[in-house]
Amino acid sequence: MESPRWLREEEQRAWRAYIRMHGQLTALLNRQLQADSGLSLADYGVLVELTDTPDGRLRPFELQRELQWEQSRLSHHLTRMQRRGLISREECPEDGRGAFVVLTDAGREAITAAAPGHVEAVRSLFFEGLTPEQVAALERLSTQVTARIETAAGDCADPA
């Protein structure tokens, strides 16, 4: 049995700094959205995905893929959003068993009202402390790590 490949001290510091930053940033952004608009960060994520499509509709599996959520989490969250009138569900004519998640007028109004405050919070909490070079480096790092994660996820996927 191989011994674990423990993180080096500098890797451990970097990892813990990233985890701490992510947790604090997520918590602050969630509180800001809740206070300003009554939306959660999860609501906002769903609404962003829907507004990024020309007709404001996606199949649940597409949302699940984009948000990286488990099916049960997505289903429960969409039910709560539907009760609040932010989204609706419509049958898919090409697939009798399938459905679309559809952005409602109330959902569009909610994200339109929430976006300016959210973007300002992202800018002030995250980007204003970074130089353009650091932003470019962050993009390169994020793209590189995401590619490794996607490759690893593909390697772990069940064969169809």
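An unreviewed UniProt entry lists the protein under the name MarR family transcriptional regulator, with Streptosporangium pseudovulgare given as the organism.

J.: Got a sec to walk through the packing of aromatic side chains? Specific residues and values, please.
T.: Scanning the entire structure with this criterion turns up two aromatic pairs. With centroids separated by 4.9 Å and ring planes inclined at 75°, the aromatic side chains of F126 and F127 adopt a geometry described as edge-to-face. Taking relative accessible area as the criterion, F127 reaches 33% and is therefore assigned partly exposed. The side chain of R59 reaches across the aromatic face of F100, ending 5.9 Å from its centre. A cation over a ring is seen here: R73 above W69, with NZ or CZ 4.0 Å from the ring centre.

J.: Break down the side chain of H118 for me, citing the residues and quoting the values.
T.: Mapped onto the elements of the fold, H118 is located in helix α5 (residues 105-125). On the accessibility criterion, H118 (10% relative accessible area) is buried. Not counting chain neighbours up to four residues away, the residues in contact with H118 comprise L29, Q32, L33, L41 and Y44.

J.: Explain the side chain of E49 to me, and be specific about the residues and the numbers.
T.: Along the chain, E49 turns up in helix α2 (residues 41-51). No salt bridge is formed by the buried E49; the nearest opposite charge belongs to R65, separated by 8.1 Å. When neighbours within four sequence positions are excluded, E49 is seen to be in contact with L58, L63, E66 and L67.

J.: So, helix α4 (residues 71-83): which residues are in play, and what are the values?
T.: An α-helix turns once per 3.6 residues; consequently, residues spaced three or four apart project the same way. For α4, which comprises 13 residues, the first-to-last C-alpha distance of 18 Å matches the rise-based estimate of 18 Å (1.5 Å per residue) to within 8%. Restricting attention to buried positions, one finds in α4 the residues L74, H77, L78 and M81. Along the axis of α4, the buried residues cluster in a sector spanning 105°; they form a single face. What points out from α4, more than 90 degrees from its buried face, is the exposed set H76 and R83.

J.: Describe the packing of helix α3 (residues 60-67) against α4, naming the residues involved and giving the relevant values.
T.: Relative to each other, α3 and α4 sit at 115°, their axes nearing to 10 Å. On the basis of their axis angle, the class for α3 and α4 is roughly perpendicular. Between α3 and α4 the crossing geometry is right-handed. Each of P60, L63, Q64 and L67 in α3 lies in contact with α4, whose residues at this interface are Q71, L74 and L78. Among the residues forming the contact of α3 with α4, the class breakdown is five nonpolar, two polar and no charged.

J.: Talk me through a nonpolar patch on the surface; I want residue IDs and the actual numbers.
T.: On the surface, L7, W15, Y18, I19 and M21 cluster together into a nonpolar patch covering about 500 Å² of accessible area. With respect to the helices and strands, Y18 occurs in helix α1 (residues 9-37). Assessed through its relative accessible area of 40%, Y18 is described here as partly exposed.

J.: How would you summarise the pattern of salt bridges if you had to cite specific residues and measurements?
T.: Side chains that carry opposite charge are capable of pairing whenever their charged atoms lie near each other. With the rule as written, the count across this model stands at seven salt bridges. Among the ionic pairs, E9 bridges to R13, the shortest N-O distance being 3.1 Å. Pair noted here: E9 and R13 are both in helix α1, with a separation of four residues, about one helical turn. Bridged by salt links that share partners, the residues R8, E10 and E11 form one connected network.

J.: Could you give an account of the environment of G56, naming the residues involved and the relevant values?
T.: Along the polypeptide, G56 turns up in the loop between α2 and β1 (57-58). For the pair G56 and R73, spaced 17 residues apart in sequence, the C-alpha separation works out to 21 Å. In this structure G56 touches L50, V101, V102, L103 and R108, once residues within four positions along its chain are discounted.

Basis of the calculations
- Residues numbered from 1 in each chain as written.
- Predicted model: local features only at pLDDT ≥ 70, side-chain atom pairs only at ≥ 80, totals over all residues.
- Heavy atoms only, no water.
- Phe/Tyr/Trp six-rings, centres within 6.5 Å; stacked < 30°, edge-to-face > 60°.
- Buried < 20%, exposed > 50% of the residue type's maximum accessible area, 1.4 Å probe, protein only.
- Lys NZ or Arg CZ within 6 Å of the ring centre and 35° of its normal.
- Helix = DSSP H or I, 4+ residues; strand = E, 2+ residues; numbered from the N terminus.
- Contact = heavy atoms within 4.5 Å.
- Lys, Arg positive; Asp, Glu negative; His and termini not counted.
- Salt bridge = Lys/Arg side-chain N within 4 Å of Asp/Glu carboxyl O.
- Expected span 1.5 Å × (residues − 1).
- Arc of directions from axis to C-beta.
- Axes fitted to C-alpha atoms, helices over the stretch in contact; angles between N-to-C directions.
- Parallel < 35°, antiparallel > 145°, perpendicular 65-115°, else oblique.
- Left-handed = near helix turned anticlockwise from the far one by under 90°.
- Nonpolar A, V, L, I, M, F, W, Y, C, P; charged D, E, K, R; others polar.
- Patch = residues over 30% accessible without salt bridge, like charges linked within 9 Å, V, L, I, M, F, W, Y side chains within 5 Å.
- Areas by Shrake-Rupley, 256 points an atom, 1.4 Å probe, with all protein chains shown as cover.

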